[in-house]
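Spelled out, the chains give:
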Amino acid sequence: MSETAIGTGGAEKKTHASPSYLEDGHSIRSWLLTGDHKRIAVLYIISVTFFFAIGSMFAGLIRLELTQPAGTILESETYNRVFTGHGIIMVFFFLVAAIPATLGNFMLPIMVGAKDLAFPRLNLLSWYVFVAAGVCLFVAILGGGVDTGWTFYTPYSSLYSNSQVTWAVFAAFLAGFSSILTALNFIVTVHKMRAPGMTWFRLPLFVWAAYATSVIVMLGTPVIAITLLLVVFERAFHLPIFSPELGGDPVLFQHLFWFYSHPAVYIMILPAFGVISELVANFSRKRVFGYHAIAFSSLAIAGLGFFVWGHHLFVSSQSMYEGVVFSVISYLVAVPSAIKIFNWTATIYKGNVRLASPMMWALGFFGLFTVGGLTGLFLSCMGTDIHLTATYFIVAHFHYVMVGGAVMAYLGGLHYWWPKITGRLFNDNLGKVSALVTFFGFNLTFFPQFILGFLGMPRRYHYYYFAPEFQVYHVMSTMGASFLALGMGMPAFYFTASLFNGKKAGPNPWGAHGLEWQTTSPPPTFNFEETPIVLDDVYDFDPVSEHENNRRALEDGGDQ
Amino acid sequence: MNFTNFPIAPPSASTFAPQIDGLYYFLWIFTAIFTLIVGFFVVFFSIHYKEGSPADRSRPLYEHIGLELTWSVIPGILGLVFFYLGARLFIHMRTPPKDAKEIFVVGKQWMWHIQHPNGVRENNTLHVPIDTPIKLTMISQDVIHAFFVPAFRTQMMVVPGRYTDLWFTPTKIGEYHLFCNMYCGTQHSEMGGTVVVMPQADYSEWLKNNGMAVANLTMEQRGAKIFSSIGCDKCHTAEDTIHGPTLNGLYGSKRIFTDGSSAMANDEYIRESILKPHSRLTKGYGETMPEYANDLTEEQVLLLNTFIRTQGAIPAGTAGTTSNLTGAEIPSSGAKTNKNTAMSVNADQHGATPSTATPTIQKGKLSVGATAANEKNQ
Amino acid sequence: MSDATLTHGHDSHEDVDLHHQFEDFEQQCECYIVGMWSFLVTEIMFFGALFLTFTLSRYMYQLDFWKAHEHLNVTMGAINTSVLLFSSWSMVMAVHSNQLRRRIHSIAYLGVTIACAMTFLVIKYFEYSEKFRDKLYPGVGFTHDAHTLHGANLNHAQLFYGLYFGMTGLHAVHIIVGILILSALIRLFVIKAKCVMKDYVPTELVGLYWHFVDLVWIFLFPLFYLMPQPH
C-alpha cells in the first residue's frame, strides 16, 4: 500500500504548487496503475457511465417492445434476456457503484481532510475486480444472455434456465466484491484518517451517508456472494440446496437473496441522501437543519434495513406472522427517510437559495423520491401488497426510488462536483434544462406504470395481447422514456464540451462550504498542499457575510 | 365507472376488492397530500428565499428537538395505522374459511392445470360459482409461479415442493384475467388464462356436464373451438379479407391457385392447407398463413376439417347433409350447427346472449381461456 | 485497537515505511487493524450465510443428516481440531516473539503454524479421498449404496455432503490462503524487512486472520462431526 506508480508526485510534493492530479503523469500506465483515489474515481465514472449507457439501451428496447400488445421486434426469449440484462447492469453495475465508487471515492478522503483513502492499492484492486465483473457480464451477454431476471430466483436459475446464468452470477458476485473493497476503505478512512479538528459531528452528511452505506455493504454483500455461489454449485453439481426436487428449499434462496438485496436498496439510496444533504445545504447557503437527525437517520436506516427483507415475501409462502413482523418494521424504516425529507425542507427555510443546476436536480429528487417513498407504503401495507406485488406498481415504485432518487442525486452530485473533478465550468443553463426535461420525462414514463400495476399488469411480461386495455399506458410510458433519454443524455454533451472549452473553475465556483472547496480545482495529487486543520463547523456559512448579502439584496430590491 | 380508454382500476369481482380498493385510494390520497405539502414548501421556500430576495432571514433555526420529534412521531403513528389496516386485511385474506370449496391447481411451465373435486379438469381456465368462498390448493411442478387474478385483488406464489393456498369469494359474474405473476421462463407472459365466474346453478350444471356448458361437444363444435383458439378466425372471417379467404362455402368448391392450376377443395386439400398452406396458395394471397405441421395433432386437424366442412358448399342456414367421415353423429341442420357452435364457443359467457355469434366466431373474441378448451379436448 | 495504540512506543518508528496517505505511523497501524477487523466481519457474514443454510437443512432433515454424518470420520476430525488449536497457540507465540523482537523465535513459531496447517490439509486430503472412494461427492455419480449412506434419504444425504464439501472446502481454501500469507511473512522476517523488524502489527494481522480460520473450524467440527442422535 504505497504510492506505487504515482509518477513524479514524490519529487514535486515539496514544491509550492503541486500539479493537479490530472497533470501528475499522462501515460496510460500512470492511470491504470494509479493509487490516487481521484484517478480511480475517474476510472469508475467512465466505467459506470458505460454500463449506464448499455443498461439504458436495454431499457429503450423494453419500452419499444411494449408499445404493441404482441410485441414489435423481439421474441419472448430475447425480451427476457433484455430485461434481465437491464436489471443486472443497472443494479449491480450502475446503482451499487454509482455514487460511492465515483463521487464517494473522489470526495470522501478530501472531505475528511485525508491525503488518500487508507488502502489505495485495495481501491485500485476494487476497480479491477469491477472491470473483471464487467468482462464476465459481457461473456454472459455475448454468449446468449441470461433470462432469469436480476433476482435469479431458484429453481428457475439453478435447474431450468438454459442461458448463461453461471457467468452472470459470477459477474454479480465479483461486482459485489468490488463494492466490499470500497466499503472497507471508506470505513477505515472515516474512522482513522480524519484531519485534525474533523470531529465526527463536523463530518459532512455525505460522509455519514457513505459510512452508513459501507456498513451495509460489509454486512450484506458477503451473504449475496455466498448465495450466488450456492446457485452456481447447484447448477454445476446438482447440489440440492434450493431445488425441492432434490430436497432443497426454493424460498430459502429468496430469504438469503433479499437479506442482501433489500439493504442493497439502501446501498443505492443512502449515498443519494448524502449528496442531497450537500446540495441542499450548500445551495441554500445555510447550515443544514437537524444535522444530527439526518446523520443518525442514516445509521438507523442502515440498521433497520437489515430487518425488513421479508416484505418481499408476503405472498411467497412464508409464515403469515413472519410477514406481520416484517411489515411493521418496514413502516419503522420509513420514518428516518421522512425525517430527512422534513429536515431538508426546513434547511431551505430562511436560506439564500441559489437555483443553479445541481439544486434543480435536488429539487427534482424531492418530487420523485417523495412519491417513490410514499408508494412504498402501499407495498409494506400487507393488504394492498397482495394485489400490487410483482406488478408494474412495483416497477414504478422502485424506478421512482432508484432513478428518481439515486440517479437524480448522482447527476446532481456530478453537476455539483464537476468543476472540482475537472477544473472546468459547464453550461449551467443546459444543466437546468436537462434536469427539467428529465423530471417531466421521468414522470411521464413511470407514473402510468402505477396505474398499469393496479390494473394487474404483471412485471416481466412480454405480451399482453389478451389484455389490450394496458396498451394506452404502455404507449404513454414509452413516450416519456424518449424525454427521459433526452434529459439524461444531455449532460454527456455539455460535460464533454466543458472539457474542451469550459471556463476554468476557481477553487470554489459555487461558493460552497467544505474541505473539498478549499483546495484547488482539480485538487493536487495529495489533495491539499498541507494537511488542513478544521476549526469551523460543517456547513458553517458565515452569518455575517450572509447577512451582508441579505442587506444588499434588500437594498437592490428597494432600488427597483 | 371506468373511463373507456383510460381504465384506472381492474373489475371489482370479489369480496376483497372493495376493501383493497378502499385502502389503496386512501393511501393515494395520503400520498397526494403529503407530496403536495412537501412539494409546496420546497418550491415556495426555494423561490421565496431565492438568493437576493428581500425575505426575512433573521433568527434562522438549525436544530429543534420538538420539531424533530413531531415529524418522527406523526409519520410513525400514521405508519402504524396503515400497518394495522393492512395487516388486518392480510390476515383475513390469508385465512380461508372452513367451509370454502376447494379446487386444486398445478402450475407448470407454462400452463395452469386445474382440477375440481368431482374430477372435472380444465387448463388455463378456472370456473367458479358466484358468492361462494373458494379455496385453491396449489403446487408447482417445476419452477415458482404465482396465481394472480387482478379482478379478485389476490395472488399467491405457487411453489414447487410445498402446497400454498389462496382463497376468495367471487361477487360478480364475468370473465377475468388470470396471470402468472412470478417470472417462470420464456413464455411467462403467456401463462395465463381466464377465471369464469358463473351463477351457482350454472356452475353445478357445468360440473355435472364434465365441464361443458350444455352437453358433450360434437366433433365440429370441438373443431370450432380449435378454429378460434389457434386464431384461424382472425383471418378467415365471413368475407374474403386481405389476410385470407373466407372458408364459407369452401368445401367442395373449386379453388384457383397462384400458379393458375385449380383443384376441388376436398378433405385432402383442407388438411394440406392447414399443415402446409404454402404448397398450393389460393390466387390473390401470399405466404402469410403459418404452417401448422408441427403444431397440430392429426386429431385436431380432423376436428378442424369437420368444422370447415360444415362451412361447406351449402350456404349456412340451409339444411343439408354432409358425408360422414368418421361415423360420428353430425347434425344435419346447418342452422342447428351454427347455434350449437355459437353456444359452446361462448359457453364461458353465461348470461350473455349468444345470438350474435356466427360459426366463424366474432373477431377479437379469442380469449386465452379458449386455449384451455382446446387442451382439454386433446 | 486501543491497546495497539498504547503498546506502540513512539521510539524508533520514524525509519519504518510510512505510506504516503498516512500522517504518522500510529495512524497507519490503526488503519490496518480497523481494516482487518472489518474484513473479518465480512468473512463472518460470508460463512454466516452457509451456517444458516446448514442449520435450516439440518433442522428440516434431522434424522437423515444424522444418518449421513455417521459416515464421517470423527477421529480425523478430532485430530484436525487439535492440530488447528495447536497452530493457534503457535501463532500467538509468534506474535508474542515478534513483540519481544525475537526474530528467530518468530520464524520458528510461524514455521510451526505452517506445519500444522499442512498437517491439517494432509489429513483433510485423506478424509476427502475416503469420501470420494465411497462416491459421496454430490452430483450424478452420488452413491446409491444404503450401507454407505447409513440408510439416509439419498437427496438429503446429498445435501449433507454438498454442504460438507462446500463448507469444509471453503475453509480449506482459507487455510491455503493462510499458508501463503504465513510464508510471505516468514520471508519478510528472513530478509529482515523493516516492517516486521520494527513493528509487530503485520504479524498481529496475520494472527487475527489465522485465529478466525481456526474459529470457523471450531464451529464446523461439532456441527458436522458431533451430531447427537435425534429422538
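Residues numbered from 1 in each chain as written. Chains lettered and ligands numbered in written order. Predicted model: local features only at pLDDT ≥ 70, side-chain atom pairs only at ≥ 80, totals over all residues.

Asks: Tell me about the overall build of chain B, and name the residues and values.
Replies: In terms of regular secondary structure, chain B is built from 9 helices and 12 strands. Within chain B, the fraction of its 378 residues that count as buried is 40%. Intrachain contacts of chain B at a sequence separation of at least 6 include 66% that bridge at least 24 residues. (Helix = DSSP H or I, 4+ residues; strand = E, 2+ residues; numbered from the N terminus. Buried ≥ 20, exposed ≤ 12 C-beta atoms within 10 Å, placed from the backbone. Contact = placed C-beta atoms within 7 Å.)

Asks: So what's going on with the overall build of chain C? Residues and values would help.
Replies: Within chain C, the secondary structure is distributed over 9 helices and 0 strands. Moving toward the C terminus, one meets the helices and strands of chain C in the order α-α-α-α-α-α-α-α-α. The dimensions of chain C, computed from C-alpha atoms along their principal axes, are 70 × 30 × 30 Å. Of all 231 residues assigned to chain C, the portion counted as buried reaches 39%. When contacts within chain C are restricted to residue pairs at least 6 apart in sequence, long-range pairs at least 24 apart make up 76% of them.

Asks: Describe the sheet that holds strand 9 (residues 174–180) of chain B, naming the residues involved and giving the relevant values.
Replies: All names here are of chain B. Judged by pairing direction, the sheet is mixed, and its 5 strands sit side by side in the order 4-10-9-6-7 without closing on themselves. Looking at which strands have only one partner, the edges of the open sheet turn out to be strand 4 (125–129) and strand 7 (154–158). Strand-to-strand twist in this sheet, taken as the mean axis angle between neighbours without regard to direction, amounts to 20°. Along the sheet face, helix 3 (residues 200–208) touches strand 4 and strand 10 (193–198) and points at about 130° away from the line of strand 4. (Pairing = 2+ DSSP bridges. Axes fitted to C-alpha atoms, helices over the stretch in contact; angles between N-to-C directions.)

Asks: Any details on the interface of chain A and chain C? Residues and values, ideally.
Replies: The interface is formed by 37 residues belonging to chain A together with 28 residues belonging to chain C. Looking at the side of chain A that touches chain C residue by residue, the classes come out as 26 nonpolar, 7 polar and 4 charged. (Nonpolar A, V, L, I, M, F, W, Y, C, P; charged D, E, K, R; others polar.)

Asks: Quick one: what's the story with the pairing of strand 4 of chain B, residue by residue and with numbers?
Replies: All names here are of chain B. Among the 5 residues that make up strand 4, 4 are buried, leaving the element largely enclosed by the rest of the structure. For strand 4 and strand 10, the ladder comprises 5 bridges, and the chain directions are parallel. Bridge pairing links Val128 to Val197 in strand 10.

Asks: How would you explain the sheet that holds strand 1 (residues 101–108) of chain B if you had to name every residue and give the values?
Replies: Residue and element names in this part refer to chain B. Strand order in the open sheet formed by 5 strands is 3-2-1-5-8, and the pairing between neighbours is mixed. Lying at the two open borders of the sheet, with one neighbouring strand each, are strand 3 (121–123) and strand 8 (164–168). Neighbour-to-neighbour, the strand axes of this sheet turn through a mean angle of 25°, independent of strand direction. In the sheet, strand 1 pairs with strand 5 (residues 134–140) via 7 bridges, with the strands oriented parallel. Note on strand 5: the bridge partner recorded for Glu102 is Lys135.

Asks: Run through the interface of chain B and chain A, naming residues and quoting values.
Replies: Across the contact, 77 residues belong to chain B and 76 residues belong to chain A. Secondary-structure elements contributing two or more residues to the side of chain B that touches chain A are helix 1 (16–48), helix 2 (65–94), strand 6 (145–149), strand 7 and strand 9 of chain B. A per-element tally of the side of chain B that touches chain A places helix 2 of chain B first, with 17 residues. Split into classes, the residues belonging to the side of chain B that touches chain A amount to 44 nonpolar, 23 polar and 10 charged.

Asks: So what about the confidence of the model for chain C? Which residues, and what values?
Replies: Residues and elements named next belong to chain C. For chain C, the mean per-residue pLDDT works out to 86, and 93% of the residues sit at or above 70. Confidence over residues 1–13 falls short of pLDDT 50; this stretch has 14 contacts with residues more than four positions distant or in other chains. Here the predicted complex scores 0.81 on pTM and 0.88 on ipTM. (pLDDT = per-residue confidence, 0-100.)

Asks: Give a detailed account of unusual backbone geometry, specifying residues and quantitative values.
Replies: A cis amide bond, omega -5°, links Thr154(A) with the succeeding residue Pro155(A). Secondary-structure assignment places Pro155(A) in the loop between helix 5 (120–142) and helix 6 (156–160). Following Gln109(B), the chain continues to Trp110(B) via a peptide bond in cis, the omega torsion being -5°. Here Trp110(B) is to be found in the loop between strand 1 and strand 2 (111–115). The phi angle at Lys192(C) is positive, at roughly 55°, despite the residue not being glycine. Inspection of the secondary structure puts Lys192(C) in the loop between helix 7 (154–190) and helix 8 (194–197).

Asks: Hey, could you go over helix 8 (residues 205–237) of chain A for me, with residue numbers and the actual values?
Replies: For the α-helix, the turn length of 3.6 residues means that residues three or four positions removed from each other point alike. Residue and element names in this part refer to chain A. Counted at 1.5 Å a residue, the expected span for helix 8 with its 33 residues is 48 Å, and the 47 Å between its end C-alpha atoms agrees. The largest bend in helix 8 is about 30°, located at Gly220, with the proline Pro222 one to four residues further on. Judged by how many residues are buried, helix 8 sits mostly within the fold: 27 of 33 residues are covered. Count one or two residues on from helix 8 and you reach His238, which has phi positive near 55°. (Expected span 1.5 Å × (residues − 1). Bend = angle between axes of the 7 residues up to and from the residue.)

Asks: Describe in detail the packing of helix 11 (residues 320–348) of chain A against helix 2 of chain B, supporting the description with residues and values.
Replies: As a packed pair, helix 11 of chain A and helix 2 of chain B sit with axes 9 Å apart at the nearest point and diverge in direction by 155°. With respect to helix 2 of chain B, the axis of helix 11 of chain A lies roughly antiparallel. Helix 2 of chain B is crossed by helix 11 of chain A, and the crossing has right-handed handedness. (Parallel < 35°, antiparallel > 145°, perpendicular 65-115°, else oblique. Left-handed = near helix turned anticlockwise from the far one by under 90°.)

Asks: If you had to explain helix 4 (residues 74–99) of chain C to someone new, which residues and values would you point to?
Replies: All names here are of chain C. The end-to-end C-alpha distance of helix 4 is 38 Å, a good match for the 38 Å that 26 residues give at a rise of 1.5 Å each. Gly77, Asn80, Val83, Leu84, Ser87, Met91, Ala94, Val95, Ser97 and Asn98 are the residues of helix 4 that are buried. Next to the buried residues of helix 4 lie helix 5 (103–133), helix 8 and helix 9 (201–225). Arg101 sits one or two residues past helix 4 and shows a positive phi near 60°.

Asks: Describe the environment of Phe233(A), naming the residues involved and giving the relevant values.
Replies: For Phe233(A), the position within the fold is in helix 8. A residue is classified by how many C-beta atoms lie within 10 Å of it, and Phe233(A), with 19 of them, is partly exposed. Sequence-wise, Phe233(A) and Ser158(A) are 75 residues apart; in three dimensions their C-alpha atoms are separated by 8.5 Å. Phe233(A) has contacts with Leu239(A) and Gly166(C), leaving out every residue within four places of it along the chain.

Asks: Would you mind going over the packing of helix 3 (residues 62–69) of chain C against helix 7 of chain C in detail, with residue names and values included?
Replies: Residues and elements named next belong to chain C. Running from amino to carboxyl end, helix 3 crosses helix 7 at an angle of 65°, the nearest separation of the two axes being 9 Å. Crossing hand, helix 3 versus helix 7: right-handed. Contact residues: Asp64, Phe65, Ala68 and His69 in helix 3; His156, Ala157, Phe160 and Tyr161 in helix 7. When the residues that make up the contact of helix 3 with helix 7 are grouped by side-chain class, the tally is 5 nonpolar, 2 polar and 1 charged.

Asks: Talk me through the environment of Thr213(A); I want residue IDs and the actual numbers.
Replies: All names here are of chain A. Mapped onto the secondary structure, Thr213 falls in helix 8. Note on Thr213: 31 C-beta atoms within 10 Å, which makes it buried. For the pair Thr213 and Leu174, spaced 39 residues apart in the sequence, the C-alpha separation amounts to 18 Å. Ignoring anything within four residues of it in the chain, the contact list for Thr213 reads Pro100, Ile267, Leu270 and Pro271.

Asks: Residue-level account of the pairing of strand 6 of chain B, with values.
Replies: Residue and element names in this part refer to chain B. Most of strand 6 is tucked away: 5 of the 5 residues are buried. In strand 6, alternate side chains face the same way, and those of His145, Phe147 and Val149 on one face and Ala146 and Phe148 on the other are all buried. Sheet topology note: the strand 6/strand 7 ladder contains 5 bridges and is antiparallel. If you follow Phe148 over to strand 7, its bridge partner there is Gln155. The turn linking strand 6 back onto strand 7 is made up of 4 residues, and Arg153 within it adopts a positive phi angle of 60°. As paired strands, strand 6 and strand 9 are joined by 2 bridges and run antiparallel to one another. Opposite Phe147, over in strand 9, you have Cys180 as the bridge partner.

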